[in-house]
Amino acid sequence: MSLDGVYDSQNIFAKIVRGEAPAVRLCEDADTLAFMDVFPQSRGHALVIHRRSTARNLLEAEPETLTSVMSMTQRVARAVRLALNPDGIMISQFNGAPAGQTVFHLHVHIIPRWADQPLGRHGAGMADIEDLKALAAQISARLPA
Ligand code: 5GP
């Protein structure tokens, strides 16, 4: 898949939004949903998506979509910092397969980083779901009211 293409409503994130596929959810609002990445590149790796936008990537997104997704990204990143005390937080977003995109529903990665830990490989091993639920509970507890 390149930068150009047709939005596939059967993509895994669309299924997660509709509740047709499982996800360890972190938080949500009327426009966006945040959940744990099931193939995390670090402990606490989370994703933020828009619920209704059919943008496949950043280039296709309406400005309002980006505003709501980035606002939720900041909210979750702040909670990740409070919950996990990382040394840094990587915020990333890929456009097109050559850039590393594998799911073609606009999303932003929140990847906590620790100085002494290398970044895990993109899309490598699947996390233990109970571990993800425990991390999500820790992060959710630090979300602003
Ligand atoms: P991309 O490579 O498109 O930027 O990122 C897609 C992300 O989605 C990857 O980090 C991958 O680990 C994650 N991912 C793929 N399938 C699933 C899934 O079924 N559930 C969750 N929670 N994350 C997924």
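The structure we're discussing is the one just above.
Report follows, based on the coordinates.

1. What to know about the site of the ligand
Then, number 1: Surveying the vicinity of the ligand reveals 17 residues, the closest of which are Asp-37, Thr-102, His-107, His-109 and His-122.
Then, number 2: A distance of 2.9 Å separates an oxygen atom of the ligand from a polar backbone atom of Gly-100.
Then, number 3: His-109 has a polar side-chain atom sitting 2.8 Å from an oxygen atom of the ligand.
Then, number 4: For the ligand, whose free accessible area comes to 510 Å², the fraction covered by protein is 90%.
Then, number 5: Those elements giving two or more residues to the shell around the ligand turn out to be helix 1 (12–18), strand 2 (32–36) and strand 5 (107–113).
Then, number 6: Here the shell around the ligand is composed, by residue class, of ten nonpolar, six polar and one charged.

2. Thoughts on the pattern of salt bridges
Then, number 1: In this structure the tally under the stated criterion is six salt bridges.
Then, number 2: One salt bridge connects Asp-31 with Arg-52, and the closest N-O pair in it is separated by 2.6 Å. Of this pair, Asp-31 sits in the loop between strand 1 (25–28) and strand 2 while Arg-52 sits in the loop between strand 3 (46–50) and helix 2 (63–84), placing them 21 residues apart in sequence.
Then, number 3: The class for Arg-52 is exposed, based on a relative accessible area of 53%.
Then, number 4: One salt bridge connects Arg-56 with Glu-60, and the closest N-O pair in it is separated by 3.4 Å.
Then, number 5: Residue classification places Glu-60 among the partly exposed residues on the basis of a relative accessible area of 33%.
Then, number 6: Three or more residues are tied together by salt bridges with common partners; here these are Arg-25, Glu-28 and Arg-51.

How each quantity is defined
Residues numbered from 1 in each chain as written. Predicted model: local features only at pLDDT ≥ 70, side-chain atom pairs only at ≥ 80, totals over all residues. Heavy atoms only, no water. Near = heavy atom within 4 Å. Polar contact = N/O pair within 3.5 Å; in protein donor to acceptor, adjacent residues only side chain to side chain. Areas by Shrake-Rupley, 256 points an atom, 1.4 Å probe, with all protein chains shown as cover. Helix = DSSP H or I, 4+ residues; strand = E, 2+ residues; numbered from the N terminus. Nonpolar A, V, L, I, M, F, W, Y, C, P; charged D, E, K, R; others polar. Salt bridge = Lys/Arg side-chain N within 4 Å of Asp/Glu carboxyl O. Buried < 20%, exposed > 50% of the residue type's maximum accessible area, 1.4 Å probe, protein only.

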